[in-house]
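Here is what each chain is made of, one letter per residue.
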Amino acid sequence: MPKPKYTSHVGMVDILPDESPKWRALETIIHEEAAKFNFEEIRTPIMEQTELIVRGIGQLTDIVSKEIFAFEKGDSHYVLRPELTAPVVRAFVEHHMEQRGGSQKLYYIGPMFRAERPQKGRQRQFHQFGAEVLGSDDPVADVEIIALMIRVYERVGISNFELKLNSVGDPESREAYKEALREYLKPNLGKLSELSQKRFEKNPMRILDSKEDEDQPFIKDAPVINDYLNEESKAHFQQVKDYLDDLGINYTLDPHLVRGLDYYTRTAFELTSPDLGSQDALAGGGRYDLLVEEIGGPSTPAIGFAAGMERLFIACEELEIELAKEKSVDVYFVTLGDAARKWALTHLPKAREAGLSATMDYMSRSMKAQMKDANRENAHYTIIIGDNELAEGKFTLRNMKESEEISLGFEDILAKLGV
Ligand code: AMP
């Protein structure tokens, strides 16, 4: 009988050892930059209650209507998290985090799950890093969130991105705008796509998001929300723009950048890259001043962003940015005979205590094969150990790059190589 062949699920990708160093390098950058901005890490469970995600993201969104992985067990409805804003807000409310005082400045890194049709830059298990500020409606928070997001790309070496910016106002501004939008679209309602016709009554702003060809002529000349912002929302938006100018952060105003749900308020932004092809969004975010209350918490203004890590790596490839150093080991113990193997095994810990990475052959190979293996492992040094060396207490230390050898006692070798 043929043996079964197992594969990972479609759109769920293994990160193999050759790839993991660049993930760690990126994670290190994120941790370091978040620390510089004085943000604290939050880690929430991979699964949440389905009801939270439906409420937090919205019943009518693609994510909830088509893309969540959800199942029941006993009386519980589980969902694999498709994003982390709703879970972070849930944790904030559940643990009364407002009692810690001040605004909560949180960041996260981790896998998300959406049952989308996989393609380049779009997976079913993918990774995001992101940050949220809960408890501030000050434009300073908006600008710090954008600055943190951009800083990570700059550290990586990606700078040819475009920051698109808009304000979706507050509910009052939005009602006025929705009315104007309906008024404008109404005469041509029959010519809009089926989906847009469905959205007309409840959520006309999402029509602006439409990718359908037949909607484009009407979207192009649609009224823009900026003309309907009330004084407060207008002043907030102006302050965000002024601060971005002060920081020298370039942006393009995009009046069609909308988020359809009512708890999204004021600032909305997206970071796109010309290096990504059709899935060109690196990251996105905005204000959600009404979400915490929607999820049962105290009235708490908030803003955040989420960034796709796979897409960041695609941009790196296009720009030929190497995030990780080539793999290597400081020292490889090459052994001849059983006594040497035993000596090596018991002296590896000493090398590691001295701060070196150190390894030896696990396969009882010949000296020639071990030297070859040391090259494959990209060893900086080999220590050659045989019966004579053990008797003398002196070992050949070979610098693999320079092809230079010296004979030294083990302590002297550690003193020379130790960090
Ligand atoms: P969103 O939570 O939809 O605003 O997405 C934020 C970012 O996550 C996007 O800009 C993408 O970079 C990334 N992203 C979203 N969905 C996927 C996916 N299915 N596969 C890979 N990256 C994704």
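Preceding this section is the structure that the text describes.
Residues numbered from 1 in each chain as written. Predicted model: local features only at pLDDT ≥ 70, side-chain atom pairs only at ≥ 80, totals over all residues. Heavy atoms only, no water.

This next bit is on helix α12 (residues 338-353). With 16 residues, α12 should cover 22 Å at 1.5 Å per step; its first-to-last C-alpha distance of 24 Å lies within 8% of that length. The largest bend along α12 measures about 30° and falls at H347, with the proline P349 one to four residues further on. Inspection of α12 places A340, W343, A344, H347, L348 and A351 among the buried residues, and these make up the whole buried set. Where α12 is buried, its residues contact β12 (329-335), β13 (358-360), β14 (379-385), α14 (387-392), β15 (395-399) and α15 (410-417). Positioned one or two residues after α12, G355 has a phi angle of 95°, which is positive. (Helix = DSSP H or I, 4+ residues; strand = E, 2+ residues; numbered from the N terminus. Expected span 1.5 Å × (residues − 1). Bend = angle between axes of the 7 residues up to and from the residue. Buried < 20%, exposed > 50% of the residue type's maximum accessible area, 1.4 Å probe, protein only. Contact = heavy atoms within 4.5 Å.)

Attention shifts here to the site of the ligand. Near the ligand lie 13 residues; those nearest to it are R114, E116, Q123, A281 and L282. R114 has a polar side-chain atom sitting 2.8 Å from an oxygen atom of the ligand. At a separation of 3.4 Å, an oxygen atom of the ligand approaches a polar backbone atom of A283. Protein coverage of the free-state accessible area of the ligand, which is 480 Å², stands at 85%. (Near = heavy atom within 4 Å. Polar contact = N/O pair within 3.5 Å; in protein donor to acceptor, adjacent residues only side chain to side chain. Areas by Shrake-Rupley, 256 points an atom, 1.4 Å probe, with all protein chains shown as cover.)

Mapped onto the fold, S167 is located in strand β7 (residues 162-167). A polar atom in the side chain of S167 sits 3.2 Å from the backbone nitrogen of G169. Not counting residues within four places of it along the chain, the set of residues in contact with S167 comprises I225, L229, F237, R266 and T267.

So, on to the packing of aromatic side chains. All chains considered together, the criterion is met by 10 aromatic pairs. On the basis of an interplanar angle of 80° and a centroid distance of 6.2 Å, the ring pair of F333 and F410 is categorised as edge-to-face. Taken together, the residues F333 in strand β12 and F410 in helix α15 connect sequence positions 77 residues apart. Using a relative accessible area of 7% as the deciding quantity, one classes F410 as buried. Among the aromatic residues, those joined into a cluster by ring pairs are F129, Y153, F161 and F305. Positioned above the aromatic ring of F313 is the side chain of K22, whose terminal nitrogen or guanidinium carbon lies 4.7 Å from the ring centre. Lying over the aromatic face of F237, K241 brings its terminal NZ or CZ to 4.3 Å of the ring centre. (Phe/Tyr/Trp six-rings, centres within 6.5 Å; stacked < 30°, edge-to-face > 60°. Lys NZ or Arg CZ within 6 Å of the ring centre and 35° of its normal.)

Note that G135 resides in the loop between β6 (125-134) and α5 (139-156). Judged by its relative accessible area of 40%, G135 is partly exposed. Taking the C-alpha atoms as reference points, G135 and G101, separated by 34 residues in sequence, lie 9.3 Å from one another. If near-sequence neighbours (up to four positions away) are discounted, G135 is found in contact with S103, T300 and P301.

Let us look at the nonpolar core. Judged by nonpolar contacts, the single largest core of 64 residues is most densely connected at M149, Y153 and L312. It is α5 that provides the largest number of residues to this core, a total of 11 residues. (Core = buried A, V, L, I, M, F, W, Y, C linked by side-chain atoms within 4.5 Å.)

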